[in-house]
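# Structure at a glance
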Amino acid sequence: MLIIGALWLLPYLLIIAGLINTALKIRSPLAKVPGPWYTNFTSLVLKYKEFTHGRRLYIHDLHQRYGPVVRLSPDEVSFATVDAIKEIYMSGGSGYDKTPFYSLFTQFNTRTLFSTLIRGDVCTTTTVIALEIYMKRYLADRYANSNVMKPDILSGISEHAKDFLNQCTKACITQGYADIYVYLHCFALDGVTHQLFHPRGTHANRDEKDYRLMKELSYHDSLKSNVALYYMPWASDIIHYFNPPKPAPLSNEYVLGASATPNPSPFSLLSKLQAQAKATNMPSYAVPAECKDHLAAGVDTTGDGLCFLMHHLSLPNPESQRVQSLLRKELIENPATPFDQLPYLDAVIKEGLRCFPPIPMSFPRHVPQEGSVIEGFFMPGGTIVSCQPYTIHKDPNVFPEPLQFRPERWLNDDDDAQAVAERNRWFFAFGVGGRGCLGRHLAIAEMKILLREVYSKYRTTVSSRMDSDMEMEDQIIASRPKGQCCKIVFEKI
Ligand code: HEM
């Protein structure tokens, strides 16, 4: 009775709570950060943009309007300068830890290198104690350039590049074009599994079962349920009820089986992980979970990056044709030069990753508890801060005419060495610092070997039957060609 009698107070209490909340927001240090007025009070617009594949472009647009520091929500700020990159990602383990966003990437309910948030992180929501950051140092030698450049690894990648070209030329004979999106993702799967599991790597451009495995990995649409899970982990049962997680029987079966292979090749990641598992009491799922993580990290990234790049080189405009001809000239004139000593090839790959970074979206981190000053603004502890390659790579002061695809901007003879060095500092496609990409050398070797295989023998053009959208479409962290199809004609030279 008393409670019902006091109900008339409720609207007043809500108004007072609202006013206190507003006053706190206005007094928050983040109120000083440039950004639309509503981002001081709500994250709803940002969440809506994330839910509708629009986060990256929304943030980019805000940077163009408000400058290099932009408030995205009452507790999130985006930066677009190299000094901010240094502070957030390279402060030598200073405590800008990954946010719980990365919990979306656990594998077999186990945290892995990519989804571990902090040093010595102990997983509370899932079943197993995390792999710690030291694991990265331990595994790093498998991805070091000196390991990737071993003949056993390079010959495997070359073989897979030949399979790719073989599929494309066969498809051109039978249907007049090749859907390179499919065959490039097969190539990326084969390349990464060669490194992970040899001799149990896949041959997706030859083998029907491996091809289906690639399809399972690369053709999914899980953005909305992942965004919902991130913001409402407590509602996971309801979210899964309405949007059940896509089963991945082929990849799970493959990874579990391959991870148990006895005596994998000494250069493989698996050999190192198995040695570690023997020497320590690593939980049983840690080895397959780590392998699945690297599989996921290495397929869409390399496949999408190559797809955007080859599509661009094949466009029917004089500039694309010019770049393709120059690339071919370098490859034909230097058949015996190792692929990592071809400057124009290197510049083409770099420019491709600048214009079309496969992970173009922010890599979110938490400000350490004591707070920090970034670009002159105080960020309270716990603020989410990030930079996104999509915006970093388009700064016109560093990359003049940023929308133009110009490999020459990476060559010393085009400009002075200082400008090129500065551009390298702003190159952010693989992230940087302690949590930067582990597979970068492998990815670059794969891309170079494939482009050499194709462009030293073939001219490529976009097919007249190309009817798919090649716009970048945001997924949860990566972006892929929207239509997931890219029809290219291969013509022997
Ligand atoms: C063009 C291809 C690739 C691109 C653009 C790329 C990009 C990235 C980026 C931006 C990050 C950091 C993300 C963040 O900080 O949130 C990352 C992390 C990572 N990448 Fe890659 N990646 C590529 C290929 C690969 C490959 C082939 C592998 C391995 C087989 C791999 C394994 C990893 C791993 C394990 C991490 C997590 C590192 C950590 O958290 O300490 N990546 N990658």
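Up top you'll find the structure we're talking about.
In this text the structure is predicted, and so the values were computed from the model without any measurement.

Right, let's talk about helix α8 (residues 151–175) for a bit. Its 25 residues give α8 an end-to-end C-alpha distance of 36 Å, which sits within 8% of 36 Å, the value for a rise of 1.5 Å per residue. Positioned one or two residues after α8, Gly176 has a phi angle of 90 degrees, which is positive.

Mapping Ile173 onto the fold places it in helix α8. Given a relative accessible area of 74%, Ile173 falls into the exposed group. Here the alpha-carbon distance between Ile173 and Val489, two residues 316 residues apart in the chain, equals 9.7 Å.

Another point: the packing of aromatic side chains. Evaluation of the coordinates by the stated rule reveals 16 aromatic pairs. Ring centres 5.8 Å apart and planes at 85 degrees place the aromatic pair Trp410 and Phe427 in the edge-to-face group. One end of the pair, Trp410, is in the loop between α18 (389–392) and α19 (417–426); the other, Phe427, is in the loop between α19 and α20 (440–455), and 17 residues separate them in sequence. Both residues of the pair, Trp410 and Phe427, count as buried.

Across soluble globular proteins, you tend to see nonpolar side chains buried next to one another. With 116 residues, the main nonpolar core has Phe79, Phe164, Ile180, Met310, Leu450, Leu451 and Phe490 as its most contacted residues. Here Met310 is in contact with Phe164, Ile180, Leu184, Leu450, Leu451, Val454, Tyr455, Thr460 and Phe490, once residues within four sequence places are set aside. Listed in part, the six residues of the second largest apolar core include Tyr58, Ile59, Leu62 and Leu72.

It is worth spelling out the sheet that holds strand β11 (residues 487–492) at this point. Sheet architecture is open: three strands sit in the order β3-β11-β8, paired in antiparallel fashion. For this open sheet the edge positions go to β3 (178–179) and β8 (458–462), each flanked by a neighbour on one side alone. Bridge count for β8 against β11 is five bridges, and the pairing is antiparallel. For Arg459, the partnering residue across the bridge sits in β11 and is Glu491.

To continue, consider the site of the ligand. Taken together, the neighbourhood of the ligand is formed by 26 residues, with Lys98, Tyr102, Lys136, Arg365 and Cys437 sitting nearest. In this structure, an oxygen atom belonging to the ligand sits 2.4 Å away from a side-chain N or O atom of Tyr102. Looking at the shell around the ligand, the elements with two or more residues in it are α6 (134–143) and α15 (286–313). In terms of residue count, α15 provides more of the shell around the ligand than any other element does, five residues in total. For the shell around the ligand, a count of residues per class yields 14 nonpolar, eight polar and four charged.

Moving on, we come to a nonpolar patch on the surface. A contiguous nonpolar surface patch, about 770 Å² in accessible area, is contributed by Leu7, Trp8, Leu9, Leu10, Tyr12, Leu13 and Leu14. Position of Tyr12 relative to the elements: it lies in helix α2 (residues 10–27).

Within the fold, His311 resides in helix α15. Beyond its immediate chain neighbours, meaning those up to four positions away, His311 contacts Val462, Met466, Met470, Cys486 and Ile488.

Moving on, we come to unusual backbone geometry. Residues His198 and Pro199 are joined by a peptide bond in cis, for which omega reads 10 degrees. Here Pro199 lies in the loop between α9 (180–197) and α10 (208–218). Its identity as a non-glycine residue notwithstanding, His53 has a phi of 65 degrees, on the positive side. We note that Gln484 has phi near 50 degrees; this positive angle belongs to a residue other than glycine. Assignment of secondary structure puts Gln484 in the loop between β10 (479–481) and β11. Since its relative accessible area comes to 13%, Gln484 is described here as buried.

Burial along strand β7 (residues 384–387) is two-sided: Ile384 and Ser386 facing one way and Val385 and Cys387 facing the other are all buried. Here strand β2 (residues 76–79) pairs with β7 via four bridges, running parallel. Across the sheet, the residue bridging to Val77 is Val385, located in β7. Bridge count for strand β4 (residues 365–366) against β7 is two bridges, and the pairing is antiparallel. Paired with His366 across the strands is Ile384, a residue of β7.

Conventions adopted
- Residues numbered from 1 in each chain as written.
- Predicted model: local features only at pLDDT ≥ 70, side-chain atom pairs only at ≥ 80, totals over all residues.
- Heavy atoms only, no water.
- Helix = DSSP H or I, 4+ residues; strand = E, 2+ residues; numbered from the N terminus.
- Expected span 1.5 Å × (residues − 1).
- Buried < 20%, exposed > 50% of the residue type's maximum accessible area, 1.4 Å probe, protein only.
- Phe/Tyr/Trp six-rings, centres within 6.5 Å; stacked < 30°, edge-to-face > 60°.
- Core = buried A, V, L, I, M, F, W, Y, C linked by side-chain atoms within 4.5 Å.
- Contact = heavy atoms within 4.5 Å.
- Pairing = 2+ DSSP bridges.
- Near = heavy atom within 4 Å.
- Polar contact = N/O pair within 3.5 Å; in protein donor to acceptor, adjacent residues only side chain to side chain.
- Nonpolar A, V, L, I, M, F, W, Y, C, P; charged D, E, K, R; others polar.
- Patch = residues over 30% accessible without salt bridge, like charges linked within 9 Å, V, L, I, M, F, W, Y side chains within 5 Å.
- Areas by Shrake-Rupley, 256 points an atom, 1.4 Å probe, with all protein chains shown as cover.
- Salt bridge = Lys/Arg side-chain N within 4 Å of Asp/Glu carboxyl O.

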